[in-house]
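Structural overview for review
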Amino acid sequence: MDTDPKEPTTRAGAPVVTRRAFLNKLSLAVGGIGALLMGVPVVGFLLSPLLGRQPQVWVAVGPVNTFELNKTVLITLPDPSPLPWSGVTARSAAWLRRTGDDQFIAFAVNCTHLGCPVRWLPDAEIFMCPCHGGVFYGDGRPAAGPPERQLYRYEARINNGQVELLSGTLPIAPQSGKEGSA
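Residues numbered from 1 in each chain as written. Predicted model: local features only at pLDDT ≥ 70, side-chain atom pairs only at ≥ 80, totals over all residues. Heavy atoms only, no water.

1. A few points about the nonpolar core
As a rule of thumb, soluble globular proteins bury nonpolar side chains together. If you look at the biggest cluster of nonpolar residues, it comprises 15 residues, and the most contacted ones within it are V61, I75, L77, L96 and L165. Taken together, the elements giving at least two residues each to this core come down to β1 (57–63), β2 (72–78), β3 (91–100), β4 (103–108) and β11 (162–167). Considering every element that reaches this core, the biggest residue donor is β4, with three residues. Of all hydrophobic cores here, the second largest spans 12 residues; its members include W95, V109, W120 and C129. (Core = buried A, V, L, I, M, F, W, Y, C linked by side-chain atoms within 4.5 Å. Buried < 20%, exposed > 50% of the residue type's maximum accessible area, 1.4 Å probe, protein only. Helix = DSSP H or I, 4+ residues; strand = E, 2+ residues; numbered from the N terminus.)

2. Some remarks on the side chain of N110
The residue N110 is located in the loop between β4 and β5 (119–121) in this model. By relative accessible area, N110 is classed as buried at 10%. For N110, the side chain forms a polar contact with the main-chain oxygen of G115, separated by 3.2 Å. (Polar contact = N/O pair within 3.5 Å; in protein donor to acceptor, adjacent residues only side chain to side chain.)

3. Remarks on a nonpolar patch on the surface
A surface patch of nonpolar side chains, amounting to about 480 Å² of accessible area, comprises V17, F22, L23, L26 and V30. Looking at the element boundaries, V17 is found in the segment before α1 (19–51). Of the residues examined, V17 reaches a relative accessible area of 58% and is grouped as exposed. (Patch = residues over 30% accessible without salt bridge, like charges linked within 9 Å, V, L, I, M, F, W, Y side chains within 5 Å. Areas by Shrake-Rupley, 256 points an atom, 1.4 Å probe, with all protein chains shown as cover. Salt bridge = Lys/Arg side-chain N within 4 Å of Asp/Glu carboxyl O.)

4. Topic: the environment of G115
Inspection of the secondary structure assignment puts G115 in the loop between β4 and β5. Sequence separation between G115 and C131 is 16 residues, and the spatial gap between their C-alpha atoms is 9.3 Å.

5. Focus on the sheet that holds strand β6 (residues 126–128)
A sheet is described by the order of its strands in space; here four strands give the open sequence β5-β6-β7-β8, paired in antiparallel fashion. Among the strands making up the open sheet, the edge pair consists of β5 and β8 (142–144). Mean inter-strand twist for the sheet, computed between neighbouring axes without regard to direction, equals 35°. Pairing geometry for β5 and β6, over three bridges, is antiparallel. Residue pairing for β6: W120 is matched across the bridge by F127. (Pairing = 2+ DSSP bridges. Axes fitted to C-alpha atoms, helices over the stretch in contact; angles between N-to-C directions.)

Remember that the coordinates give geometry; whether it matters functionally is a separate question.
Quick look at the structure:
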């Protein structure tokens, strides 16, 4: 019986699948599935600007009486359209200041220079960005460092005794010409 050692066959003449060929096909299949699983979110991210903006919704952040007058506090906001696998990344933050009995100002935590999170220094009454030394006054105007624009703001309102913010996309870049708002 004269057979080619590179192509083994059964007695009936059907080709035999070698272990090497099987593992080769298996690794190609697993690699393809992995590439597909990684590629779908990347393609979705790249196409998201073409698909439209996230919806903006009013989000309750707490009862009015829990916020002290002229005190700035860090609050968290849910993303209005989180993906099922977003986890903690579906939450954002804002700095909220009560300026009157029924008046609130809310600032995005992102510096207008490169988007780093700013922190509030209550003794100095300034926001400070740790990345490049950006400093903002308590009203969000730039005081020093590279930022040229004021901190972005969320719209705030009171509804049924709750403070609500208009939450939507992260306010890192100006939207439709509104420089200081989100």
